[in-house]
Amino acid sequence: MINDLFGGIEPQQTAQEKLAKGAVLLRGLALDKADDLLTAIRHVSSASPFRNMVTPAGHVMSVAMSNCGQAGWVTDRSGYRYDGTDPETGQPWPAMPDSFMAVATEAATKAGYLDFRPDACLINLYEPGARLSLHQDRNERDMANPIVSVSLGLPATFQFGGLKRSDPVQKYALLHGDVAVWGGPSRLCYHGVLTLKEGEHPAVGRMRLNLTFRGAL
Ligand code: SIN
Ligand code: FE2
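Owing to the predicted nature of the structure, the values given are computational and were not obtained by experimental measurement.

1. What about the overall build of the chain?
Point 1. Along the backbone of the chain there are three helices and 13 strands.
Point 2. In terms of overall dimensions, the chain has a C-alpha envelope of 60 × 40 × 35 Å along the principal axes.
Point 3. Split into buried and exposed, the 217 residues of the chain put 50% on the buried side.
Point 4. By sequence separation, contacts in the chain at least 24 residues apart represent 71% of the contacts at least 6 residues apart.

Written as structure tokens, this is what we have:
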């Protein structure tokens, strides 16, 4: 019995860190897929370029965004929502690349969310100085779907808190290839990204890219 060799503990390929009930960090899960994901991001952003959107309060976001899939997350003076059309191009968002779908379903399954089929992926581009303040992902229709978040490029500090904005937050370094998944009891947990530090990543350059997969519609 192979288990006996390891004292009853099964060896795991990916280290799993628990963030909260229903939330895990899968360290390095996307590492061997990173080059394919980066190629696919280039493809998506050539059709729907990264842009800095405006919040309902009129602030220009420091994170630049694009989307792919059946719907994309957008914000403007009228509010936050999902839209099937890219407001910049007037065209549907680019289709979700197969490599995106594959990493999202693999991560969700590993985290215990067995039949997640995302219909939207928000792509965030952080340059040094960009940040994403504490927020909940709450524009999606069905909260039974988890959020799957893939980090590429420069390291960032991820804040993960509770269901109230005032709940204490824990901080985690998110590195190239790391994947975070939150759902179930932690689906509406507040989270954010601290100001990105200056740096140069060998594969990605002077930026961090993040994919968040959602069941939006
Ligand atoms: C998000 O909350 O939409 C993105 C989180 C991240 O960039 O890690
Ligand atoms: Fe979010």
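2. A word on the pattern of salt bridges
Point 1. Counting across every chain of the model gives 13 salt bridges.
Point 2. Between Glu 198 and Arg 206 there is a salt bridge; the shortest N-O distance is 2.6 Å.
Point 3. Exposure remark for Glu 198: the relative accessible area of 56% places this residue in the exposed category.
Point 4. Taken together, the shared-partner salt bridges connect Asp 32, Lys 33, Glu 106 and Lys 110 into one network.

3. Observations regarding the environment of Lys 18
Point 1. Position of Lys 18 among the secondary structure elements: in strand E1 (residues 16–20).
Point 2. Residue classification places Lys 18 among the exposed positions, given a relative accessible area of 61%.
Point 3. Along the chain, Lys 18 and Asp 119 lie 101 residues apart, while their C-alpha atoms are 26 Å from each other.
Point 4. In this view, Lys 18 contacts Ala 23, Val 24 and Tyr 172; residues no more than four positions away in its chain are not counted.

4. A closer look at the packing of aromatic side chains
Point 1. The tally for this structure, following the rule as stated, stands at five aromatic pairs.
Point 2. With a centroid separation of 5.5 Å and an interplanar angle of 25 degrees, the aromatic rings of Trp 73 and Tyr 80 are classed as stacked.
Point 3. By the ring-pair criterion, three or more aromatic residues cluster together here, those being Phe 158, Phe 160 and Trp 182.
Point 4. Over the ring of Tyr 126 we find Arg 208, and its NZ or CZ is 4.9 Å from the ring centre.

5. Topic: the sheet that holds strand E13 (residues 208–214)
Point 1. The antiparallel open sheet is built from seven strands, whose spatial order is E1-E2-E11-E8-E13-E6-E3. The sheet is open, and its two edges are formed by E1 and strand E3 (64–69), each paired on a single side. Each neighbouring strand pair of the sheet contributes to a mean axis angle of 20 degrees, computed without reference to strand direction.
Point 2. By the bridge criterion, four bridges tie strand E8 (residues 147–153) to strand E11 (residues 179–182) in an arrangement that is antiparallel. In the sheet register, Val 148 faces E11, and the bridge partner there is Val 181.
Point 3. Set on the sheet, helix H2 (residues 34–47) makes contact with E3, strand E6 (120–126), E8 and E13; between it and E8 the angle comes to about 95 degrees.

6. Looking at the coordination of the iron ion (ligand 2)
Point 1. Summarising the metal site, the iron ion (ligand 2) is bound by the protein donors His 135 (NE2), Asp 137 (OD) and His 191 (NE2), whose distances to it range over 2.1 to 2.2 Å.
Point 2. The coordination sphere of the iron ion (ligand 2) comprises four donor atoms, whose angles at the metal cover 90 to 172 degrees; the geometry is irregular.

7. So, the nonpolar core
Point 1. Formed by 32 residues in total, the largest nonpolar core has its most connected members in Phe 100, Val 148, Val 150, Val 179, Leu 211 and Phe 213.
Point 2. Elements represented by at least two residues in this core include exactly strand E2 (23–26), H2, E3, helix H3 (98–110), E6, E8, E11 and E13.
Point 3. When residues in this core are grouped by element, the largest group, six residues, is from H2.
Point 4. Leave out the neighbours within four places in its chain, and Val 150 touches Ala 30, Leu 37, Val 103, Asp 178, Val 179, Leu 209, Asn 210, Leu 211 and Phe 213.
Point 5. In terms of nonpolar packing, the next biggest core, distinct from the first, is built from 30 residues, Val 74, Leu 122, Ile 147 and Cys 189 among them.

Reading guide: rules and limits
- Residues numbered from 1 in each chain as written.
- Chains lettered and ligands numbered in written order.
- Predicted model: local features only at pLDDT ≥ 70, side-chain atom pairs only at ≥ 80, totals over all residues.
- Heavy atoms only, no water.
- Helix = DSSP H or I, 4+ residues; strand = E, 2+ residues; numbered from the N terminus.
- Buried < 20%, exposed > 50% of the residue type's maximum accessible area, 1.4 Å probe, protein only.
- Contact = heavy atoms within 4.5 Å.
- Salt bridge = Lys/Arg side-chain N within 4 Å of Asp/Glu carboxyl O.
- Phe/Tyr/Trp six-rings, centres within 6.5 Å; stacked < 30°, edge-to-face > 60°.
- Lys NZ or Arg CZ within 6 Å of the ring centre and 35° of its normal.
- Pairing = 2+ DSSP bridges.
- Axes fitted to C-alpha atoms, helices over the stretch in contact; angles between N-to-C directions.
- Donors = N, O, S within 2.8 Å, 3.2 Å for Na, K, Ca; no water.
- Tetrahedral: all angles 85-135°; square planar, octahedral: opposite > 155°, others 65-115°.
- Core = buried A, V, L, I, M, F, W, Y, C linked by side-chain atoms within 4.5 Å.

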